[in-house]
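Residue-level listing of the chains:
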Amino acid sequence: MLEPREGIPPVIADADALAEVIAAFAAGSGPVAVDAERASGYRYGQRAYLVQLRREGAGTALIDPVACPDLSGLGEALAGVEWVLHAATQDLPCLREIGMVPTQLFDTELAGRIAGFPRVGLGAMVEGVLGFVLEKGHSAVDWSTRPLPEPWLRYAALDVELLVDLRDALEKELDRQGKLEWAREEFDAIASAPPPEPRKDPWRRTSGMHKVRRRRQLAVVRELWQTRDRIAQRRDVSPGKVLSDAAIVEAALSLPVDAQGLAALNGFGYRMGRRQLEQWQAAVDRAKALTDAQLPQPGQAVTGPPPPRAWADKDPAAAARLSAARAAVSALAEALNMPQENLIAPDTVRRVCWEPPGEVSAESVRAALAGFGARPWQVEQVTPVLVAALSA
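Residues numbered from 1 in each chain as written. Predicted model: local features only at pLDDT ≥ 70, side-chain atom pairs only at ≥ 80, totals over all residues. Heavy atoms only, no water.

The protein chain has the name Ribonuclease D in an unreviewed UniProt entry, where Streptomyces plumbiresistens is given as its organism.

As structure tokens, this is what we get:
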């Protein structure tokens, strides 16, 4: 099993040690490997509980962002340096919260997808490309634990140990396949993307919502979800540890008349105290007391085309266009040896097929794809097959 080259570094947890790390990494050379560990499933939100970095000339650093919540000085010291991350979009939001925002990056997971690797997890990539076996036993642990156990810290240090080596090997492979510029366009798009907008009506993403049909029941889901969210935020625990999605849906479908009725439902009776039951029942009662005008509407206001399954009834010609376009994009993705969704976003294909340009030409399709955010390389590859599919 692979071991960190310099052993496990001490966790940086005070301003003086952080200043030393910033100086060392600013003086280092080449790209910097960056990773972050969160406590999803244990804590509220997606904050970072450990940040790992490695750079030639600086070695590896493990930083505690609870003790050092402002890492903007480190972010500034690494401005203009290429950051190497694996599945960058997962880590960038929590890094942004603590002041670390890359200006340029290389995403080894995305590089693996574009290069056509069948398995793109970090362990599989390191083993397949570099021939080393990473220990992968601690990804789902509670990283808010203090002090962090030594085996977890070893695992965390290893996550950045070979990231730059993996980057270099993948760059060579992408270049060999003629896809390096494509990958660079993708990395630039990630680095320059603004933070995502907050979700509208996040309660609608409750698991099992498809069973909830009536507006009064939707109101119960909303009240319970919002009550749970406030409690989870106050206690800093994962909402699922406060009340399960399944319990919320069960209460919405049953509309219990009192706390006793609520206690009889799955997810409520077991080990739940009287006060807790009354708090959940109060949320149910609030939903029941709403006027019809205050009840949520079924489904969200959909922007863009309807779900593809409805196309055959609503617009058979559009359904035929979509079928032809999907087949063409699938064949092209296979020929280029990459997943379809990395060649072009499925939503982009749907939008172009639902409302194609008035006059279908290479120029009009290129403009439509670019308007929906497709990168230049995607526009170049996909335009010819979409023109053919839309003209058929």
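Help me out: how do you make sense of the overall build of the protein chain in this one?
Secondary structure assignment for the protein chain yields 19 helices and 6 strands. By the burial criterion, 46% of the 392 residues in the protein chain qualify as buried. Within the protein chain, counting contacts between residues at least 6 apart in sequence, those at least 24 apart form 66% of the total. Taken as a whole, the protein chain presents about 19500 Å² of accessible surface, with 50% of it coming from carbon and sulfur. For the protein chain, the separation between the mean place of its 45 positive charges and that of its 51 negative charges on side chains is 10 Å. (Helix = DSSP H or I, 4+ residues; strand = E, 2+ residues; numbered from the N terminus. Buried < 20%, exposed > 50% of the residue type's maximum accessible area, 1.4 Å probe, protein only. Contact = heavy atoms within 4.5 Å. Areas by Shrake-Rupley, 256 points an atom, 1.4 Å probe, with all protein chains shown as cover. Lys, Arg positive; Asp, Glu negative; His and termini not counted. Charge placed at Lys NZ, Arg CZ, Asp CG, Glu CD.)

Can you help me understand the UniProt feature "domain: HRDC" (unreviewed entry) in the protein chain in this one?
This chain's UniProt record puts "domain: HRDC" (unreviewed entry) on residues 214-294. Counting secondary structure, residues 214-294 comes out at 69% helix and 0% strand; the distance between its end C-alpha atoms is 13 Å. (UniProt positions renumbered as here; feature names shortened; annotations may be inferred.)

What is the right way to look at the layout of surface pockets in this model?
A probe matching the size of a water molecule, rolled over the atoms, marks out where space remains unfilled. Its volume calculated, the largest pocket comes out at about 790 Å³. Residue lining of the largest pocket: 23 residues in total, with Tyr-44, Gly-45, Gln-46, Arg-199 and Asp-229 positioned closest to the centre. Residue assignment for the lining of the largest pocket shows that the elements contributing at least two residues are helix H3 (88-97), helix H9 (215-235) and helix H10 (239-242). In terms of residue class, the lining of the largest pocket is made up of 7 nonpolar, 7 polar and 9 charged. Taken as a whole, the second largest pocket spans an internal volume of roughly 580 Å³. (1 Å grid on protein atoms, 1.4 Å probe; cavity = no way out; pocket = protein on both sides within 12 Å on 5 of 7 lines; lining within 4 Å. Points joined across faces, edges and corners; volume = space filled by probe spheres on them. Nonpolar A, V, L, I, M, F, W, Y, C, P; charged D, E, K, R; others polar.)

In this structure, what is going on with the nonpolar core? I would like to understand it.
Grouped together as the largest cluster of nonpolar side chains are 79 residues, with contacts concentrated most on Leu-53 and Ile-63. Discounting residues that sit within four places of it in the chain, Ile-63 has contacts with Val-11, Ile-12, Leu-18, Val-21, Leu-50, Val-51, Leu-53, Cys-68, Leu-71 and Leu-74. One finds Val-212, Leu-218, Ala-232 and Ala-252 within the second-largest nonpolar core, a separate group that totals 32 residues. (Core = buried A, V, L, I, M, F, W, Y, C linked by side-chain atoms within 4.5 Å.)

Would you take a moment to explain empty space enclosed by the protein for this structure?
Under the defined criterion, the tally for this structure stands at 1 cavity of 30 Å³ or more. Considering the residues around the largest cavity, the lining is formed by Leu-92, Arg-96, Met-100, Val-101, Pro-102, Ile-190 and Ala-191. Within the residue set of the lining of the largest cavity, elements represented by two or more residues are H3 and helix H8 (180-192). By residue class, the composition of the lining of the largest cavity is 6 nonpolar, no polar and 1 charged.

What's the story with the side chain of Thr-108 in this structure? I'm lost.
With respect to the secondary-structure elements, Thr-108 resides in helix H4 (residues 108-114). There is a polar contact of 2.7 Å between the side chain of Thr-108 and the side chain of His-86. (Polar contact = N/O pair within 3.5 Å; in protein donor to acceptor, adjacent residues only side chain to side chain.)

Sorry if this is basic, but what is going on with helix H5 (residues 122-130) here?
Since the α-helix turns once every 3.6 residues, residues separated by three or four places project in the same direction. Listed in full, the buried residues belonging to H5 are Leu-122, Gly-123, Ala-124, Met-125 and Val-126. At its buried positions, H5 is contacted by H4, helix H6 (150-161) and helix H7 (163-176). Once H5 finishes, Gly-131 follows within two positions and takes phi at roughly 80 degrees, a positive value.

Hey, could you run me through the pattern of salt bridges in this one?
Think of it this way: side chains of opposite charge can pair up when their charged atoms draw near. Counted under the stated rule, the structure contains 23 salt bridges. Linking Glu-171 and Arg-184 is a salt bridge whose minimum nitrogen-to-oxygen distance equals 3.4 Å. Here the residue Glu-171 occupies a position in helix H7, and Arg-184 occupies one in helix H8, the gap between them amounting to 13 residues. A salt bridge links Arg-216 to Asp-292; the nearest nitrogen and oxygen atoms lie 3.4 Å apart. (Salt bridge = Lys/Arg side-chain N within 4 Å of Asp/Glu carboxyl O.)

Help me understand the sheet that holds strand S4 (residues 59-63) in this model?
Strand pairing in a sheet takes place through backbone hydrogen bonds and is either antiparallel or parallel in direction. Spatial strand order, S1-S4-S3-S2-S5-S6: 6 strands in an open sheet with mixed pairing. Looking at the sheet topology across the chains shown, the edges are occupied by strand S1 (11-12) and strand S6 (104-107). In terms of strand pairing, strand S2 (residues 29-38) meets strand S5 (residues 82-85) through 2 bridges, oriented parallel. Across the sheet, Val-32 pairs through a bridge with Trp-83, a residue of S5. Set on the sheet, H3 makes contact with S2, strand S3 (48-56), S5 and S6; between it and S2 the angle comes to about 80 degrees. (Pairing = 2+ DSSP bridges. Axes fitted to C-alpha atoms, helices over the stretch in contact; angles between N-to-C directions.)

Is there a simple way to explain the pairing of S6 in this structure?
A regular strand places its side chains so that they alternate between the two faces of the sheet. Where S5 lies against S6, 4 bridges are found, and the strand directions are parallel. Directly across from Glu-82, in S6, lies its bridge partner Gln-104. Crossover S5 to S6 through H3 is right-handed. (Right-handed = clockwise from strand over helix to strand, strands pointing away.)

Can you help me understand the environment of Gly-273 in this one?
With respect to the secondary-structure elements, Gly-273 resides in the loop between helix H12 (259-263) and helix H13 (274-289). Residue Gly-273 is classed as partly exposed on the basis of its relative accessible area of 31%. Between the C-alpha atoms of Gly-273 and Leu-130, which are 143 residues apart in sequence, the distance is 54 Å.

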